[in-house]
Structure formats: structure tokens, C-alpha cells
Amino acid sequence: ATVRAIHGEDGAVDGYVADVVDLSAYKEAEDTKTAFLAGLSHELKTPLALIQGFAETLQLEHVRGDRALVDEAVGVILDETAHLTRMVEQLLLSARLQAGALTLDLDVVDLGRLLGQAVDEFRGARKTHRWEISASGDLPEVVADPTRLRQVFHNLLSNAAKYAPEQ
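It should be emphasised that the depicted structure is a prediction, and the values quoted were computed from it without experimental measurement.

Draft legend 1. View of the overall build of the protein chain. From N to C terminus, the protein chain includes five helices and four strands. For a compact globule of 167 residues, the expected C-alpha radius of gyration is about 15 Å, and the protein chain comes in at 26 Å, more than 25% above that figure. Sorting the 167 residues of the protein chain into buried and exposed places 20% on the buried side. Within the protein chain, contacts between residues separated by at least 24 positions form 64% of all contacts whose residues are at least 6 apart in sequence. With the model as given, the accessible surface of the protein chain reaches about 12,500 Å², and the carbon-plus-sulfur share is 57%.

Draft legend 2. Summary view of the nonpolar core. Counting residues in each nonpolar core, the largest one holds 13 residues, and the members touching the most others are Val-109, Leu-114, Val-119, Trp-131, Leu-149, Phe-153 and Leu-157. Mapped onto this core, the elements with two or more residues apiece are α4 (111–125) and α5 (146–163). Take this core: its biggest share by element is six residues, from α4. Membership of the second largest hydrophobic core comes to seven residues, among which are Ile-51, Phe-54, Ile-77 and Met-87.

Draft legend 3. Main features of the environment of Gln-52. Turning to its location among the elements, Gln-52 is positioned in helix α1 (residues 24–59). Sequence separation between Gln-52 and Ile-77 is 25 residues; the distance between their C-alpha atoms is 8.3 Å.

Draft legend 4. Broad picture of the layout of surface pockets. Of the voids in this model, the largest pocket is the one considered here, and its volume is about 930 Å³. Lining the largest pocket are 28 residues, and of these His-83, Arg-86, Met-87, Ser-158 and Lys-162 sit closest to its centre. Listing elements by their share of the lining of the largest pocket, those giving two or more residues are α1, α3 (67–98), α4 and α5. Tallying contributions element by element places α3 first for the lining of the largest pocket, with nine residues. Taken together, the residues of the lining of the largest pocket break down into 11 nonpolar, 10 polar and seven charged.

Conventions adopted
- Residues numbered from 1 in each chain as written.
- Predicted model: local features only at pLDDT ≥ 70, side-chain atom pairs only at ≥ 80, totals over all residues.
- Heavy atoms only, no water.
- Helix = DSSP H or I, 4+ residues; strand = E, 2+ residues; numbered from the N terminus.
- Rg over C-alpha atoms; globule rule 2.2 N^0.38 Å.
- Buried < 20%, exposed > 50% of the residue type's maximum accessible area, 1.4 Å probe, protein only.
- Contact = heavy atoms within 4.5 Å.
- Areas by Shrake-Rupley, 256 points an atom, 1.4 Å probe, with all protein chains shown as cover.
- Core = buried A, V, L, I, M, F, W, Y, C linked by side-chain atoms within 4.5 Å.
- 1 Å grid on protein atoms, 1.4 Å probe; cavity = no way out; pocket = protein on both sides within 12 Å on 5 of 7 lines; lining within 4 Å.
- Points joined across faces, edges and corners; volume = space filled by probe spheres on them.
- Nonpolar A, V, L, I, M, F, W, Y, C, P; charged D, E, K, R; others polar.

If you want it as C-alpha cells, here you go:
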């Protein structure tokens, strides 16, 4: 808050004006940002630890002859690298969105077809889960950015795979 004296014609103080600013929304935004960064840091540590652990395992002499273990380690490293890449892309996208620098390439999008393609990709990549689409009727065509909408579907499906039990 700032306080300013109001002077009369004779120079004497006639009163005061106080400017009060409610900072609760700012504090809430800062708290949300802090929680986001803490969660992000935790989310980044897991794939990095897996990548490092499996890379170190591959350096062991007795492991190099075990083709199955080498294949498993390389698979985990590739999966976790892809996971990290997606997280960094989402972080950069969030930063561009917050800065107002995100542009959308709007087009007519067949929502059902785009969602079906995303589910098919997950069905092939995450075979431990059962993937199906259920809607009451056909999904409409919408005006949207197909690339961004695909990212939304991938985020939702990735969370479903992450938090849902197998099958």
C-alpha cells in the first residue's frame, strides 16, 4: 500500500489517500508456479535416473554379452528419452503460451478421426493397456489447431496409461 498526503491551498495536510493493492491473486499464482516447478523437477528426475542407471549397466563388461539385457536397457533408455523430450516440449509450450507467443494454425478437424489416430498410436505403443473410444454418437468436426489438439489427446492418453492399471 502507498499513502499520499493531500495538501490544501494553505499547504496544510487536509487528508491522506491510500492505494491498496490486493496481492492474493499474485501470491496464488506464485504458489502455483512453485508447486509446478517442484512437480516438474520430480518428474524429470525419474527418467534421468533410469537413463543413467541403464547406461551405466551397459558399461559393465559382463552385461555386454547378455543380448536380452542389452536390448532391455536400450529400450528403457529410448523410452525414457522420448518421455523427457515430451516433457521438455510441454514445458516450452507452456512458456510460449504464458508469454503470449503461441500461435495457432486453425483448420477444420475431424475430431473422431484425430482421436482415433491418437488412440491407435497408443494401442500399438502401450500394449499392456486396453484402448477403446466410447462416445454417444459421432464426434463433430471442429475448428482447431490439429497439432495442438493432437498434443492434448496425447497428454490425456499418456496420463491414462500412467495412472490406470494394466488392462
